[in-house]
Amino acid sequence: METWLVIGISGVTNGGKTTLAKSLESYLLSQQGKGFFKENLMLNRVVALCQDDYFLPVDSPKHCVIEKLNHINWEILSSLDMERMCYDIMKLLGHKFILYNCQQLRAQERGSECGGIVDQVEPMVQDEDNIFADHFLTNFLRKYGGNENGNGGAAGTGSGSSGGSGRTTNWIKKSKNEPFHNVSIKLNVLLLEGFLLFNHPITLDLCGIKFHIHLPYEKCYSRRLQRVYDPPDVVGYFEMCVWPMYEKHYKEFKDRKDIYVLNGEIPQENIFNYVLNCIKDLL
């Protein structure tokens, strides 16, 4: 079993999520085989997956077409082959894997201290004895694995029996007599990047550290005009589809306390440095 830290980077169109993800990937690759912020952590593998690579082809019958615009709605989950993405993640992590449990997530009101980069993050209360979760994702198992009895897993992660399905999700605990810093860990990092990353149950559940980049309407629109898409945007697509869909999807997770909401108007270098410090703190 390998130990994975999954970092999710989501955001509004043209908010800078791809730039952030690539900068983070480049930095992490340069740190492979070295200590990773903590004496007991060594960075092992670094892998990145981008949700944009899973758009369905233009001629797919699964697409929804906006009748008023005679244009495909690319802003919804059905425009993506999420089954293939989840399958690729499953192959990468393996049927049984360990997720690094960032338990030290705590309230950090840093908006004013960091020039408005982040809104807020509140603590997740967890058992302090648990360093890792032996993690069996419900939706993964239903789709790809089942369990020893051939049934799907149960929702959530915890200890003991999983909802009567036969799957047991165990917590791996450190000895109460052994300090955390004495436990040596080879840590793999999976970077997931995508505009609907936190709107899909599997990718949302997987990400142990979550970042979302936000922009106001006017800034987002001006940046969008500078980009060329294939197929290209039609007149009215941003106003009638891109922004309304973004607002709808953002509402689905904006009140979660485990997602750092970043200000995309801040210089990219500042955002990168802040994100790196967040990861360091949470480890």
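Residues numbered from 1 in each chain as written. Predicted model: local features only at pLDDT ≥ 70, side-chain atom pairs only at ≥ 80, totals over all residues. Heavy atoms only, no water.

J.: I would appreciate a short explanation of the overall build of the protein in the present structure.
T.: When you go through the protein residue by residue, the secondary structure sums to seven helices and 11 strands. Per-residue burial over the protein gives 49% buried out of 283 residues. Within the protein, contacts between residues at least 6 apart in sequence are counted, and of these 73% link residues at least 24 apart. Carbon and sulfur atoms form 48% of the exposed surface of the protein, whose accessible area is close to 13,900 Å². (Helix = DSSP H or I, 4+ residues; strand = E, 2+ residues; numbered from the N terminus. Buried < 20%, exposed > 50% of the residue type's maximum accessible area, 1.4 Å probe, protein only. Contact = heavy atoms within 4.5 Å. Areas by Shrake-Rupley, 256 points an atom, 1.4 Å probe, with all protein chains shown as cover.)

J.: Please explain the pattern of salt bridges as it appears in this structure.
T.: Opposite charge on two side chains allows them to pair when their charged atoms are near. Across all of its chains, the model carries six salt bridges by this definition. The salt bridge involving D233 is made with R224; its shortest N-O contact spans 2.8 Å. Notably, a salt bridge pairs D258 with R256, separated by 2.8 Å at the nearest N-O pair. Taking relative accessible area as the criterion, R256 reaches 34% and is therefore assigned partly exposed. (Salt bridge = Lys/Arg side-chain N within 4 Å of Asp/Glu carboxyl O.)

J.: Is there a simple way to explain helix 6 (residues 237-251) in this structure?
T.: Every α-helix winds through 3.6 residues per turn, so residues three or four apart in the chain are directed the same way. Counted at 1.5 Å a residue, the expected span for helix 6 with its 15 residues is 21 Å, and the 20 Å between its end C-alpha atoms agrees. Three or more residues of helix 6 are buried, namely Y237, F238, C241, V242, W243, M245, Y246, H249 and Y250. For helix 6, the secondary structure elements touched by its buried residues are strand 1 (3-11), strand 4 (65-66), strand 5 (71-72), strand 10 (209-214), helix 5 (217-225) and strand 11 (259-263). (Expected span 1.5 Å × (residues − 1).)

J.: Help me out: how do you make sense of the pairing of strand 1 in this one?
T.: Side-chain direction in a regular strand flips from residue to residue, so the side chains alternate between the two faces of the sheet. Burial of strand 1 is extensive: nine of the nine residues sit out of reach of the surface. Here strand 1 shows two buried faces, one formed by T3, L5, I7, I9 and G11 and the other by W4, V6, G8 and S10. Of the strand pairs in this sheet, strand 1 and strand 9 (residues 185-193) are connected by seven bridges, and their pairing is parallel. Bridging across to strand 9, V6 finds its partner in L190. In the sheet, strand 1 pairs with strand 10 via five bridges, with the strands oriented parallel. When the bridges of strand 10 are listed, S10 appears paired with H212. (Pairing = 2+ DSSP bridges.)

J.: Is there a simple way to explain the packing of helix 5 against helix 6 in this structure?
T.: How two helices pack is summed up by the angle between their axes together with the distance between the axes. At a minimum axis distance of 12 Å, the contact between helix 5 and helix 6 shows a crossing angle of 120 degrees. Here helix 5 and helix 6 pass one another in a crossing that is right-handed. Taken together, the residues of helix 6 that come into contact with helix 5 (itself represented by Y217, C220, Y221 and R224) are Y237, F238, E239, V242 and W243. Broken down by class, the residue content of the contact of helix 5 with helix 6 amounts to seven nonpolar, no polar and two charged. (Axes fitted to C-alpha atoms, helices over the stretch in contact; angles between N-to-C directions. Left-handed = near helix turned anticlockwise from the far one by under 90°. Nonpolar A, V, L, I, M, F, W, Y, C, P; charged D, E, K, R; others polar.)

J.: What is the right way to look at the side chain of H63 in this model?
T.: Looking at the secondary structure, you find H63 in the loop between strand 3 (38-50) and strand 4. Side-chain polar atoms of H63 contact the backbone oxygen of P57, separated by 2.9 Å. Excluding its chain neighbours within four sequence positions, the residues that come into contact with H63 are L56, P57, V58, I72, W74 and S79. (Polar contact = N/O pair within 3.5 Å; in protein donor to acceptor, adjacent residues only side chain to side chain.)

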